[in-house]
Amino acid sequence: MVRLAIAAVLVASTIVQFPVGIAARAAVAADCVSSTGPGIPPPASIPSGIPGFHAAWYGQSGYPTLCPGDRSTAVVAFYNIGSRGWVNGRLGEVAYLGTWGPEPGQDRASPLGGDGAAGSPATGWPRYNRVAVQPAPYVGPGQVAWFQFTVIAPSIPGTYRLSIRPLIEGAQWMEDYGVFWYVTVAGTAPVGSQPALPSRWPSRSLEIGMTDEPNGAAAMRASAPFAFRYQYLSGGVNTGRGWTTWDSNAQFPTTYIQDSARYGMMPVFSYYQLRQSAPGNAMGEPASDFANLANASTMAAFYADLKLFFQKAGAQSATTVLLHVEPDLWGYIQQRYGDDPTRAPVLVGASGAPDLAGLPDDAVGLARAIVKLRDTYAPNVLLAYHLSVFGTNHDPLYEKPADATLDTWATRAATFFNALGTGFDLVFAEFSDADAAYKRVQLGDGGASWWYPEDFVRNVRFIGRFSALSQKRIVMWQIPLGNTKMRAMNDTWDHFQDNKVEWLFDDPGRANLSAYARAGVIAFLFGRGGDGTTCACDAAGDGVTNPAPIGANTRASLTADDDGGYFRERASAYYATGAMTLP
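Structural notes, computed from the coordinates. (Residues numbered from 1 in each chain as written. Predicted model: local features only at pLDDT ≥ 70, side-chain atom pairs only at ≥ 80, totals over all residues. Heavy atoms only, no water.)

Some thoughts on the sheet that holds strand β16 (residues 321-325)
Overall, parallel pairing links the eight strands, which are arranged β13-β14-β15-β16-β17-β18-β19-β20 in a closed barrel. Looking at each pair of strands side by side, their axes are set apart by 30 degrees on average, direction ignored. Here strand β18 (residues 426-429) runs beside strand β19 (residues 474-479); their pairing, made up of three bridges, is parallel. In the sheet register, Ala429 faces β19, and the bridge partner there is Met476. (Pairing = 2+ DSSP bridges. Helix = DSSP H or I, 4+ residues; strand = E, 2+ residues; numbered from the N terminus. Axes fitted to C-alpha atoms, helices over the stretch in contact; angles between N-to-C directions.)

Set out below in structure tokens:
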């Protein structure tokens, strides 16, 4: 069987206008000029005559810099080093280039080209996941094939990567030589523009997920075609109570990943270990985090614990895993040290962790350490940063600022994130950690935590500006599950009212969902942030409950879930109508 080594040869650009957003185009049109860098020559020596189908990389042209919407012709050269020829039009013998790697991923669509299917742009590829087919009817042993195809620059400035790998269609993938190329789109991303989806992201639709206990994937998926399920990893790295002790041989994440994949859901973990580690666990927040960040022994244990998670997740390489790293920590760091993370002392290289020698001992070093461990041990894991209001120490819900002030806060949050300069794939944001009625009844806030339409508008503006400035998509996380519809919601323990579920998923015109999608949101993950808040489960253990209504919550319970079954009903209805395509 032929194995096809791939080389990306990008020849001189042929500039063609292509419809893009006017705002995005205008941002760079004044001074944008497309260009192509120098090519890469073929290797000095190449083997030949290997039995079956084989190929070797044979050179490539340079990486292009394009204006948004411009096109460039790519030519990729391969040398047939096998004993069998490649025959065009004959399944099992015809050579193609297929999409590969982490960007966009095996057989995934790319924003750089395609046939118009699966969300790809129409640039004349054979299929959305087949970049090119062999150019000649027959490419014999010892001959060179020059694969040619067209790429298009997305409308959002930035750097895009496309990985490719050769295959004999209908037979096998060829050797992976790690061939890719960069397409740089000139200019600065305009505010309000949409970032690219993370590589390996499972969908081009707006998806829903929820917190779910171990071994619960089958029941969860049976209630609605959820795309995600999530679980905290907590307990501390040096306390004897952390996640590594929950199952024998630290198998907890392995089992959770496998159970999720079995039922078609992406596993999501919120890694919340630092706060609960010693010696900081004897203190309150945020002092606990800062005490641990300055303790060499604790930080060495922290990196070892994180490394073990990546090793466990990396062993499940066929499954994409999402790790949400240390909720609140990044906000506390920005709050104390300002918008420059290099000012925040964190033991990284000085912790003695062998994988991290030489990394700077500051918050940038911490972010780099997390990414390095992921890249080394688990490239199938996506990393999520937590956007916390603790960072600017301003909460739009309570302060209700003017738009200009809100924009300033979002810009500060993005400035800090961008200064980390590392490979987080997306960002988690949140509404609140508890139902609004829980905070009124249990914490006595007088109703200040209730969200009104103007609060949602401010929230959309804040995360939309952050998304545009950071060029990262957003996942809304740990969304309260209370509602004002079901009789079960009578503002008692485990049955507190809120309105996030109905705002998002009981809006027939989907205007509210659309607003969040345009702001960069790609998923909503629901789950309670602590005991007593509402659960889409029977946490109260009180079965089907229908107490007297306390307002307009007159609907009888559908299930024993503490929210009366409302969330699962709304999720099922959303998918039955058809998941919303992301902009």
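Topic: helix α7 (residues 363-377)
Its 15 residues place the ends of α7 21 Å apart at the C-alpha level, agreeing with the 21 Å of an ideal helix rising 1.5 Å per residue. For α7, the complete set of buried residues consists of Ala363, Val364, Gly365, Leu366, Ala367, Ala369, Ile370, Val371, Leu373 and Arg374. Its side-chain oxygen 3.1 Å from the backbone nitrogen of Val364, Asp362 forms the N-cap of α7. (Expected span 1.5 Å × (residues − 1). Buried < 20%, exposed > 50% of the residue type's maximum accessible area, 1.4 Å probe, protein only. Polar contact = N/O pair within 3.5 Å; in protein donor to acceptor, adjacent residues only side chain to side chain.)

Thoughts on the state of the cysteines
Taken as a whole, this structure holds one disulfide when the rule is applied. One disulfide bridge connects Cys535 with Cys537, the sulfur atoms lying 1.9 Å from each other. A torsion of 110 degrees about the S-S bond marks the disulfide between Cys535 and Cys537 as right-handed. The exposure class of Cys535 is buried, given its relative accessible area of 10%. (Disulfide = S-S within 2.5 Å.)

Quick notes on the environment of Phe226
Looking at the secondary structure, you find Phe226 in the loop between α2 (217-223) and β14 (228-234). A relative accessible area of 0% places Phe226 in the buried class. Between the C-alpha atom of Phe226 and that of Leu525, which follows or precedes it by 299 residues, the distance is 9.9 Å. Once residues within four sequence positions are removed from consideration, Phe226 is found in contact with Ile208, Gly209, Met210, Met220, Arg221, Gly264, Met265, Phe567, Ala571 and Tyr575. (Contact = heavy atoms within 4.5 Å.)

Overview of the pattern of salt bridges
Going through the model one piece at a time under the given rule, you end up with 24 salt bridges. A salt bridge links Arg461 to Asp407; its shortest N-O distance comes to 2.8 Å. Remark: Asp407 occurs in helix α9 (residues 403-420) and Arg461 occurs in helix α11 (residues 453-470); sequence separation between them is 54 residues. One salt-bridge network, in which partners are shared between bridges, spans Asp107, Arg127, Arg130 and Glu169. (Salt bridge = Lys/Arg side-chain N within 4 Å of Asp/Glu carboxyl O.)

Regarding the packing of helix α6 (residues 329-337) against α9
At a minimum axis separation of 11 Å, α6 and α9 run at an interaxial angle of 105 degrees. On the basis of the axis angle, α6 is roughly perpendicular to α9. Each of Trp330, Ile333 and Gln334 in α6 lies in contact with α9, whose residues at this interface are Arg412, Ala413, Phe416 and Leu420. For the contact of α6 with α9, the class distribution of residues is five nonpolar, one polar and one charged. (Parallel < 35°, antiparallel > 145°, perpendicular 65-115°, else oblique. Nonpolar A, V, L, I, M, F, W, Y, C, P; charged D, E, K, R; others polar.)

A word on the side chain of Asp259
Summarising the element assignment, Asp259 is placed in helix α3 (residues 252-262). One polar contact links the side chain of Asp259 to the main-chain amide nitrogen of Ala217, over a distance of 3.3 Å. Beyond its immediate chain neighbours, meaning those up to four positions away, Asp259 contacts Asn215, Gly216, Ala217 and Arg229.

Quick word on the nonpolar core
Judged by nonpolar contacts, the single largest core of 113 residues is most densely connected at Trp201, Tyr303, Leu323, Leu366, Phe524 and Phe526. Apart from residues lying up to four places away in sequence, Leu366 is in contact with Leu293, Met299, Phe302, Tyr303, Leu329, Trp330, Val346 and Val348. If you look at the next biggest cluster of nonpolar residues, it comprises 28 residues, including Leu97, Ala145, Ile168 and Val183. (Core = buried A, V, L, I, M, F, W, Y, C linked by side-chain atoms within 4.5 Å.)

Some thoughts on α11
For an α-helix the count is 3.6 residues per turn, leaving residues at separations of three or four pointing the same way. For α11, with 18 residues, the first-to-last C-alpha span of 26 Å sits near the 26 Å given by 1.5 Å per residue. Burial in α11 covers these residues: Asp455, Phe456, Arg458, Asn459, Val460, Phe462, Ile463, Gly464, Phe466, Ser467, Ala468 and Ser470. Positive backbone phi, approximately 55 degrees, marks Gln471, located one or two places after α11.

A few points about the packing of aromatic side chains
What the rule picks out here adds up to 38 aromatic pairs. Considering the side-chain rings of Phe269 and Phe309, the 5.4 Å spacing of their centres and the 75 degrees angle between planes classify their relative orientation as edge-to-face. Linking Phe269 in strand β15 (residues 266-272) with Phe309 in helix α5 (residues 296-314), this pair joins segments that are 40 residues apart in sequence. Among the residues examined, Phe269 registers a relative accessible area of 0% and is labelled buried. Among the aromatic residues, ring-to-ring pairing joins Phe226, Phe431, Trp451, Phe456, Trp503, Phe505, Tyr516, Phe524, Phe526, Phe567, Tyr574 and Tyr575 into one connected group. In this arrangement the basic side chain of Arg127 is found over the ring face of Tyr96, its NZ or CZ atom lying 5.5 Å from the centre. Taking NZ or CZ as reference, Arg165 lies 4.4 Å from the ring centre of Trp100, over its face. (Phe/Tyr/Trp six-rings, centres within 6.5 Å; stacked < 30°, edge-to-face > 60°. Lys NZ or Arg CZ within 6 Å of the ring centre and 35° of its normal.)

Here we look at unusual backbone geometry
Between Ala278 and Pro279 the backbone carries a cis peptide bond, its omega angle lying at 5 degrees. Its location among the elements puts Pro279 in the loop between β15 and α4 (287-293). With an omega dihedral of -5 degrees, the bond running from Glu285 to Pro286 counts as a cis peptide bond. The phi dihedral of Gln478 falls on the positive side, at around 55 degrees, and the residue is not glycine. In this fold, Gln478 is placed in strand β19. What makes Gln478 buried here is its relative accessible area of 4%.

Quick notes on the environment of Asn490
Within the secondary structure, Asn490 sits in the loop between β19 and α12 (500-505). With 73 residues separating them in the primary sequence, Asn490 and Asp563 have C-alpha atoms 9.7 Å apart. Here Asn490 is in contact with His495, Pro547, Ile550 and Asn553, once residues within four sequence places are set aside. Polar contacts involving the side chain of Asn490 include one to the side chain of Thr492, which spans 2.7 Å.

Side note on the sheet that holds strand β9 (residues 144-152)
The three strands are arranged β2-β4-β9 in an open sheet whose pairing can be described as antiparallel. At either margin of the open sheet sits one strand with a lone partner, and together these are β2 (55-60) and β9. The average undirected angle you get between the axes of adjacent strands in this sheet is 30 degrees. Here strand β4 (residues 71-80) pairs with β9 via nine bridges, running antiparallel. Residue pairing in the sheet places Arg71 in a bridge with Ile152 of β9.

What about the side chain of Arg229?
As for its placement among the helices and strands, Arg229 is situated in strand β14. Among the residues examined, Arg229 registers a relative accessible area of 0% and is labelled buried. One polar contact links the side chain of Arg229 to the main-chain carbonyl oxygen of Tyr256, over a distance of 3.4 Å.

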